[in-house]
Amino acid sequence: MAFFAGVDLGTGGAKACIIDDQGRVHGYAFAEFILIHAHAGWSEHEASSYWPLVCRLLQQAVAQAGVAASEIKGIAVSSAMPCLVLVDAAGNPVERAYNLMDRRATEQVAELYAQVGEERVFQSIGNRLEDHPTLVNLMWERAQRPEVLARATTALTIDGYITLRLTGQRVLHRSGAGFSGCYDLRAGDWDYDLVAQAGVPAELLPRLCACTDLIGEVTSAAAADCGLAAGTPVAAGQVDNAGWVGAGATQIGDIQSNLGTVGNFGVVHDTLDFVYSNVGRVMINVPYTVDGALVTIPTTMTGGQSIRYLKESFGQAEVEAERLLGLSAYDLLNVEAERVPPGSDGLIVLPFLMGERTPLWDANARGVVFGLSLNHGKGHLVRAMMEAVAYAMYDSFSLIERSGLKLNLPLVLNEGGAVSRLWRQIIADVFDVPIVLVQRREGAPFGDALLAGVATGHLPGLDISREWTTYIDPIEPDAARHRRYQEFFGLYRQLYAHLKDDFGALAALRAKYTG
């Protein structure tokens, strides 16, 4: 029997998983990250914490699996994107790492658009710079911290940094390159002309690989740290939609959703025509782990993170109950939200706690609680936030549905806040689609371990995940609740339209008085 390791580094935490060649999970470990918001619009991790944390999680997962390191035949790593880890010649981070919630480079987005034209950029990368990809963040470093950029020799993703620590190789898989802001989606290579126009040194860009490429082996030094055997093959890796790959989303039209730190869903397809359509241009479009496939990923900036924020800021009683009694603070918040009717008794939230991505693309947008009254309690706020995330994702889903892109329903919920049945029911009712839940809870690192098995030739292909995955707890939408939610969704959209200019004015005041 062969075993494979997977590691995923999301925005809010990291996970490691050990599986065998029959898709059975033998070991799993998880830990949360500390998110650093040093300034408005900034979101970082302490990059120096990544490697020790990954080593600890791998050691825990291997110990739990009870297998010898030599029995693990491959490893792959994924991370949430866009992200950025600048490393020096020795492979050490030169500053904190950017995670996908970082929105500091707004001036650089405007600068590059003004210089080369928004359409020129879009026709190359098939995406918007408002996603704050690697390219504009490097422009920000050049303008604001040239001494930091001068020390850097490579611009890596978070998973690319871990792969570097494992192998000594500086690479980027093409699924991650789609979040760089300078990857020519049609040509499948770096757009060096765009990089030059941005004033970014091209030598910072790592070597491109397919997700299934074997890019090196675990070095002796890395093996001593992480507990894997020296010589273990390492695959190039993938974006943290690895959970979708691991849960069977490998065919055209498959659709899965995460409620991790962000709230998103992905639709697998193979048509550049959609990418460059009017709907495609307000989405996120990148190469998928499956060869020849693309994935469109509508995303709201704060999905599960919005409930984590409520828990940490207003859920002290629930957190204390968790500490004393072992009850889940999230479960306790769910109980309070379940008592509130659909529409939250007239409470509407705009969930833009760190700006918004698809389809609004507004880095200035911020959270709004509208209609707050004395009859509203904590449960109302929790449910209204859940509904708000559903509205934000539905805003993109409705556009894709009307575009005619193939959708293989039911919508599959996977990872993070999807464990909440209440939240799944809200999404089913807002979207008006049936929903199922992935029974396996390991998510992205399972998909990474699967990728490692395929890359090393021990597994026949990614499609085997369809045989390994069980979908449970089917939920049907309720027509009456959907009609009610349509009315609230209309007001939700109207509120944003009314406040759009005000968000810009507030951003100017933040910049003036808080920096």
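Scroll up to find the structure.
Residues numbered from 1 in each chain as written. Predicted model: local features only at pLDDT ≥ 70, side-chain atom pairs only at ≥ 80, totals over all residues. Heavy atoms only, no water.

## Quick notes on the environment of R510
Looking at the secondary structure, you find R510 in helix α19 (residues 479-513). Spatially, the C-alpha atom of R510 lies 34 Å from that of E320, the residues being 190 residues apart in sequence. (Helix = DSSP H or I, 4+ residues; strand = E, 2+ residues; numbered from the N terminus.)

## Description of the packing of helix α12 (residues 304-314) against helix α15 (residues 378-403)
In contact at an axis separation of 10 Å, α12 and α15 are set at 160° when each is read in the N-to-C sense. Looking at the two axes, α12 sits roughly antiparallel to α15. In this structure, α12 crosses over α15, and the sense of that crossing is right-handed. Between α12 and α15, the residues in contact are S306, I307, L310 and F314 and K378, L381, V382, M385, M386 and V389, respectively. Of the residues that constitute the contact of α12 with α15, the class distribution is eight nonpolar, one polar and one charged. (Axes fitted to C-alpha atoms, helices over the stretch in contact; angles between N-to-C directions. Parallel < 35°, antiparallel > 145°, perpendicular 65-115°, else oblique. Left-handed = near helix turned anticlockwise from the far one by under 90°. Contact = heavy atoms within 4.5 Å. Nonpolar A, V, L, I, M, F, W, Y, C, P; charged D, E, K, R; others polar.)

## Comments concerning the layout of surface pockets
Size it by volume and the largest pocket reaches roughly 1100 Å³. Taken together, 49 residues form the lining of the largest pocket, with L259, G260, E415, G416 and G417 sitting closest to its centre. Put simply, the parts of the chain that give the lining of the largest pocket at least two residues each are β2 (13-20), β3 (25-32), β16 (254-259), α12, α14 (329-338), β23 (408-416) and α16 (421-431). Its residues placed into classes, the lining of the largest pocket shows 20 nonpolar, 17 polar and twelve charged. (1 Å grid on protein atoms, 1.4 Å probe; cavity = no way out; pocket = protein on both sides within 12 Å on 5 of 7 lines; lining within 4 Å. Points joined across faces, edges and corners; volume = space filled by probe spheres on them.)

## Brief notes about empty space enclosed by the protein
If you walk through the whole model with that rule in mind, you get four cavities of 30 Å³ or more. The computed volume of the largest cavity comes to approximately 90 Å³. Lining of the largest cavity is provided by 14 residues; of these, C83, T134, T157, L172 and S180 occupy positions nearest its centre. When its residues are assigned to classes, the lining of the largest cavity shows ten nonpolar, four polar and no charged. Its boundaries defined by the atoms lining it, the second largest cavity holds a volume of some 70 Å³. What lines the second largest cavity is simply I125, N127, R128, D131, P133, G178, F179, G181, I284, V286 and W361. Looking at the lining of the second largest cavity, its residues break down into six nonpolar, three polar and two charged.

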